[in-house]
Amino acid sequence: MAISPYAGKPAPRELLVDLTRLEREYYERCPDVADLNQLVSFGTSGHRGSPLHGSFTEAHILAITQAICDYRHSQGIDGPLYMGKDTHALSEPAQRTALEVLAANAVETIIQQDDGVTPTPVISWNILVYNRDRTQHLADGIVITPSHNPPQDGGFKYNPPHGGPADLDVTAWVEHRANALLREGNTSVKRLPFATAIKADTTHQQDFVMPYVEDLRNVVDMDLIRAAGLKLGVDPLGGAARPYWEPINSVYHLDIVVVNPVIDPTFSFMTVDHDGQIRMDPSSPYAMARLVGLKDQYRVAFANDPDSDRHGVVVPSVGLMHPNHFLAVAIRYLLTHRQWPAHVAVGKTLVSSSMIDRVVHKLERRLCEVPVGFKWFVPGLCDGSLCFGGEESAGASFLRHDGTVWTTDKDGPIMDLLAAEITARTGKDPGEHYQELEAEFGAPYYTRIDAPATPEQKSRLEKLSPEAVATPQLAGEPIRRKLTTAPGNNAPIGGLKVVADSGWFAARPSGTENMYKIYAESFKDQAHLEAIVSEAQEIVNEALKSSDAGH
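Let's shift gears to the overall build of the protein chain. The secondary structure content of the protein chain amounts to 17 helices and 22 strands. For a compact globule of 551 residues, the expected C-alpha radius of gyration is about 24 Å, and the protein chain comes in at 23 Å, within 12% of that figure. Counting over 551 residues, the protein chain shows a buried share of 59%. Contacts in the protein chain between residues at least 24 apart in sequence constitute 70% of all its contacts with a sequence separation of at least 6. Total accessible area computed for the protein chain in this model is approximately 21000 Å², and 50% of it derives from carbon and sulfur atoms. The centroid of the 50 positive side-chain charges in the protein chain is displaced by 2 Å from the centroid of its 70 negative side-chain charges.

Right, let's get into the sheet that holds strand β22 (residues 515-522). Strand order in this open sheet of 6 strands is β17-β22-β21-β20-β19-β18, and the pairing throughout is antiparallel. Bordering the open sheet on either side are β17 (445-452) and β18 (473-474), each of which pairs with just one other strand. In this structure, strand β21 (residues 503-509) lies alongside β22, joined through 7 bridges in antiparallel fashion. Among the inter-strand pairings, Arg-508 is bridged to a residue of β22, identified as Lys-517.

A word on the nonpolar core. Considering soluble globular proteins, one finds that nonpolar side chains tend to be buried as a cluster. One finds Tyr-212, Leu-216, Trp-245, Ile-248, Phe-388 and Phe-398 to be the most contacted residues of the largest nonpolar core, which totals 77 residues. When sequence neighbours within four positions are dropped, the list of residues in contact with Leu-216 reads Met-222, Ile-248, Tyr-252, Trp-406, Ile-414 and Leu-417. Of all hydrophobic cores here, the second largest spans 40 residues; its members include Leu-39, Ile-77, Ile-144 and Val-170.

Right, let's get into the layout of surface pockets. In this structure, the second largest pocket spans a volume of roughly 230 Å³. In terms of lining, the second largest pocket is formed by 16 residues, of which the most central are Ser-354, Asp-357, Arg-358, Val-499 and Asp-501. At the level of elements, α12 (354-362), β19 (477-485), β20 (492-500) and β21 are the ones that each hand at least two residues to the lining of the second largest pocket. If you tally residues by element for the lining of the second largest pocket, the top one is α12, at 5 residues. For the lining of the second largest pocket, the per-class residue count stands at 6 nonpolar, 4 polar and 6 charged.

For the structure shown, the criterion picks out 3 cavities of 30 Å³ or more. Put simply, the second largest cavity is a space of about 40 Å³. Looking at the second largest cavity, the residues that line it are Pro-282, Ser-283, His-311, Gly-312, Val-313, Leu-320, Met-321, His-322, Pro-323, Phe-326 and Ala-394. Only β11 (311-315) and α11 (323-337) provide two or more residues apiece to the lining of the second largest cavity.

The next subject is the sheet that holds strand β14 (residues 367-370). Strand pairing in a sheet is mediated by backbone hydrogen bonds. Such pairs are either parallel or antiparallel. Read across the open sheet, the 4 strands follow the order β14-β13-β15-β16; overall the sheet is mixed. Each having just a single partner strand, β14 and β16 (395-398) make up the two edges of the open sheet. Strand after strand, the sheet turns through a mean of 15° between neighbouring axes, direction not considered. Across 4 bridges, strand β13 (residues 345-349) lies against strand β15 (residues 386-391) in parallel orientation. Along β15, the bridge assignment pairs Ala-345 with Leu-386. Packed on one face of the sheet, helix α14 (residues 412-426) meets β15 and β16 and runs near 75° to β16.

Within the fold, Asn-304 resides in strand β10 (residues 300-304). Of the polar contacts made by the side chain of Asn-304, one reaches the backbone oxygen of Arg-310; its length is 2.8 Å. Discounting residues that sit within four places of it in the chain, Asn-304 has contacts with Asp-235, Pro-236, Leu-237, Ala-241, Trp-245, Pro-282, Arg-310, His-311, Gly-412, Pro-413 and Asp-416.

So, on to the pattern of salt bridges. In the structure shown here, the tally under the stated rule is 30 salt bridges. A salt bridge links Arg-425 to Asp-221; its shortest N-O distance comes to 3.3 Å. Highlighted residues: Arg-425 in helix α14 and Asp-221 in the loop between α7 (209-215) and α8 (222-228), separated in sequence by 204 residues. Since its relative accessible area comes to 22%, Asp-221 is described here as partly exposed. In this structure, the salt-bridge partner of Arg-480 is Asp-501, at a minimum N-O distance of 2.8 Å. Within this pair, whereas Arg-480 is found in strand β19, its partner Asp-501 is found in the loop between β20 and β21, the two being separated by 21 residues in sequence. According to the relative accessible area criterion, Asp-501 is partly exposed, its value standing at 46%.

Time to look at the state of the cysteines. The full count for this structure, using the stated rule, is 0 disulfides. This cysteine, Cys-382, is not joined by any disulfide, and Cys-368 carries the nearest cysteine sulfur, 14 Å off.

We now examine the pairing of β15. Where burial is concerned, most of β15 is hidden: 6 out of the 6 residues are buried. Here β15 runs beside β16; their pairing, made up of 4 bridges, is antiparallel. Bridging across to β16, Gly-390 finds its partner in Ala-396.

Once that is clear, we can look at α14. Between its first and last C-alpha, α14 extends 22 Å over 15 residues, near the 21 Å set by a 1.5 Å rise per residue. Two to three positions downstream of the cap, the backbone nitrogen of Ile-414 sits 3.1 Å from a side-chain oxygen, assigning the N-cap of α14 to Asp-411. Looking one or two residues beyond α14, the residue adopting positive phi is Gly-427, at roughly 75°.

Relative to the helices and strands, Glu-421 is located in helix α14. A relative accessible area of 0% places Glu-421 in the buried class. Residue contacts for Glu-421: discarding those within four places in its chain leaves Val-220, Asp-221, Leu-224, Ile-225, Tyr-333 and Arg-338.

Take the packing of α12 against helix α15 (residues 430-441) next. At a minimum axis distance of 11 Å, the contact between α12 and α15 shows a crossing angle of 80°. The pairing of α12 with α15 is recorded here as roughly perpendicular in orientation. On α15, the residues touching Met-355, Arg-358, Val-359 and Lys-362 of α12 are Tyr-434, Leu-437, Glu-438, Glu-440 and Phe-441. Looking at the contact of α12 with α15 residue by residue, the class counts come to 5 nonpolar, no polar and 4 charged.

About the cut-offs
Residues numbered from 1 in each chain as written. Predicted model: local features only at pLDDT ≥ 70, side-chain atom pairs only at ≥ 80, totals over all residues. Heavy atoms only, no water. Helix = DSSP H or I, 4+ residues; strand = E, 2+ residues; numbered from the N terminus. Rg over C-alpha atoms; globule rule 2.2 N^0.38 Å. Buried < 20%, exposed > 50% of the residue type's maximum accessible area, 1.4 Å probe, protein only. Contact = heavy atoms within 4.5 Å. Areas by Shrake-Rupley, 256 points an atom, 1.4 Å probe, with all protein chains shown as cover. Lys, Arg positive; Asp, Glu negative; His and termini not counted. Charge placed at Lys NZ, Arg CZ, Asp CG, Glu CD. Pairing = 2+ DSSP bridges. Core = buried A, V, L, I, M, F, W, Y, C linked by side-chain atoms within 4.5 Å. 1 Å grid on protein atoms, 1.4 Å probe; cavity = no way out; pocket = protein on both sides within 12 Å on 5 of 7 lines; lining within 4 Å. Points joined across faces, edges and corners; volume = space filled by probe spheres on them. Nonpolar A, V, L, I, M, F, W, Y, C, P; charged D, E, K, R; others polar. Axes fitted to C-alpha atoms, helices over the stretch in contact; angles between N-to-C directions. Polar contact = N/O pair within 3.5 Å; in protein donor to acceptor, adjacent residues only side chain to side chain. Salt bridge = Lys/Arg side-chain N within 4 Å of Asp/Glu carboxyl O. Disulfide = S-S within 2.5 Å. Expected span 1.5 Å × (residues − 1). Parallel < 35°, antiparallel > 145°, perpendicular 65-115°, else oblique.

In short, geometric facts, not functional conclusions.
Now the structure itself:
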């Protein structure tokens, strides 16, 4: 992967998005419905795009919101809808547009008061708290965010009454209906002027901050963190968690310094990511360069992306922790320090590190390995049969102390605070804990490679069968398993995973871009990892070649 000369350096002025042009394009640009790239498309987490490419405009938000209203009606969902937005420039106009449609459809809608921003996990938390002990008039939600995507992007996702990301059957329904509305020029969309919508009887403004902050004590040991007197640092990366840290400090008497309090929709304070883009990714050492530079000033420092569903943990012992490493440490700690029932399982995506498998196996717990996407953890978190769900891309959530559900979407702030709890209880930071795991289980070498692929090639890759792997060995070791469905729930993984004793690879098309991804890991050394990757690429190239031959 080519690294940009800008990577890890402050964003130069020429990279900054023109906010006036962006908003103008949002309102004025008409998507070309003959271009598939300009239609509504729900990837792994909602619809994302940019007005600059005709893929995220007011027309899209009108259509998607009306489709969500129609979906709610078809399912008899008639409780309140909690709507949150992050700090991306397009999130505010998209929330205004959505409110105009929701009010016209008489949907009771609750937003953060004073035009405030809201983290994704707080919407999930609100839905679950409202629906607890209810069987009818259930709440659901909308989160307006493109996550850690660049500043010119917008995103819009729907969380049904289970509080987590909508499953494929729901997103397919909404996507199909929204595109039908777009194609007819949105003539069936109901809409009120914003000034009427914001004052409608169905529109309510509430404080989402304090109820969530007060409840944190039921999922993280806040008293322990306070008693340890840890000096902590947080960089909200200009995101929606920014208004939450001072209340957390004051309610729990902690010493968390907000090292970067700025909210700026151009994200001009960022250091540039590996590919020369501004991207607020807390798992990227390039995007996190500023916080990594402060690692020796704090016992633990952490960051979240703009909608705060992802976390990044920085510690003096190692700097920025790889997401896989912190997941393994968090899982070992929670399994040994929470009084959860012995039968509850640990959830991981099948492209996360096998270090997790080793930790869970050693503690004689059950592992539930699912396809990529947090939505696969939702049922288990809801009913308490999964105590933890984590993704290699730095998103995770876990149960309350009492073993009941906290959120069914990724929660960055609780993962940040868990890093502090681990340090407070053990006197060692999560990086030191990971070094112990490597001493016990060996050091894994892990990589992910992204390569371009046409939609036809992606479709071929998605349907790869175990027979595509003709060789009995992977990098000199016998192949133990060839998976096209996930062991934890038998759901199709949309690709292939091949496992040997000390290494594995997985290949799958991206859900959001014309790319495919190869993930690989070796518990031997870098040379073994490179051999796995090279054999994986051969297998994928063969599959893509036969795809091209068929055209």
